[in-house]
Amino acid sequence: MRSVIASIEWLSEGVGGLAALIVIPLVLATCYEVFARYVLGSPTIWAFELGYILMGLHFLLGGAITLKRQEHVRIDLIYARLSRPRQALIDLVLYALIVLPALVLIFLRLADYATEAFLSGETTGQSAWNPQIWPLRAIIAASFLLLTLQVVAEILKCVAILRGRDTVNGESGQ
């Protein structure tokens, strides 16, 4: 179980690191657009659209690493006062009964959405650049698949805690 968790979390960390790097071309494109518009007097046809695409990808691809690091917003007035096994039980129930099924359904619909865009040759329709939309939709679907896998890892960690095992350092006896 520990190796499955480690593999999923390695993938989440790797994709999260790549998602962080998306900021670099986002900044470069924005700076170039400002330069082209105000210095050269010739705005680009692609910078605005590329900017919101990259920002969306940055946000979505960071979801799994954010979950891994437990940095999603949580209202924990009562939860924070509970013992670790009770927290794990609450997390297990919520992840298994609500979050995981919802993410699976969202991923399946997004995968269909990307496939439909690929088959139809749909474009963004947002600018003169007008790129095909299926690669973006495929990455969006992949980001939800990765988040789904991270939820599976969180479920496995909850089970390990409830069985009296510490998944972080392999110790027993919580």
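Structure's up top.
A brief report on the enclosed structure follows. What you see is a predicted model, and the numbers here were worked out from it, not measured in a lab.

## A look at the packing of helix α1 (residues 2-21) against helix α6 (residues 134-162)
For any two helices packed against each other, the geometry is given by the interaxial angle and the distance between the axes. With their axes 9 Å apart at the nearest point, α1 and α6 run at an angle of 140° to one another. Taken as axis vectors, α1 and α6 run oblique relative to one another. When you trace α1 past α6, the crossing you get is left-handed. Where α1 abuts α6, its residues V4, I5, I8, E9, L11, S12 and V15 lie against L146, L149, Q150, V152, A153, E154, L156 and K157. Each residue belonging to the contact of α1 with α6 can be placed in one class, and the counts come to 10 nonpolar, two polar and three charged.

## Details of the environment of Q87
Assignment of secondary structure puts Q87 in helix α5 (residues 84-120). Among the residues examined, Q87 registers a relative accessible area of 17% and is labelled buried. For Q87 and E33, which are 54 residues apart along the polypeptide, the C-alpha to C-alpha distance reads 48 Å. Once you skip the residues sitting within four places of it in the chain, Q87 turns out to touch Y79, A80 and L82.

Reading the values: the criteria
Throughout this description, residue numbers start from 1 for each chain and increase along the sequence as written. Predicted model: local features are reported for residues with pLDDT of at least 70 only, side-chain atom pairs are reported and counted for 80 or more only, and whole-chain, interface and lining totals are derived from all residues. As a rule here, side-chain values cover all heavy atoms of the structure and leave hydrogens and water aside. In this analysis an axis means a line fitted to C-alpha atoms, helices contributing only their contacting stretch, and an angle means the value between N-to-C directions, from 0 to 180 degrees. Under the scheme used here, helices are H or I runs from DSSP no shorter than 4 residues and strands are E runs no shorter than 2 residues, and both carry numbers assigned from the N terminus. In this scheme, roughly parallel covers angles under 35 degrees and roughly antiparallel covers those over 145, while 65 to 115 is roughly perpendicular and the rest are oblique. For any helix crossing, the convention is left-handed if the near helix is rotated counterclockwise from the far helix by under a right angle, and right-handed if that rotation is clockwise. A contact between two residues is defined here by any heavy atoms of the two lying within 4.5 Å. Note that Gly is not counted as nonpolar here; it falls among the polar residues with everything else outside the nonpolar set of Ala, Val, Leu, Ile, Met, Phe, Trp, Tyr, Cys and Pro and the charged set of Asp, Glu, Lys and Arg. Only protein chains enter the accessibility calculation, which uses a 1.4 Å probe; a residue is then buried when its area is under 20% of its type maximum, exposed when over 50%, and partly exposed in between.

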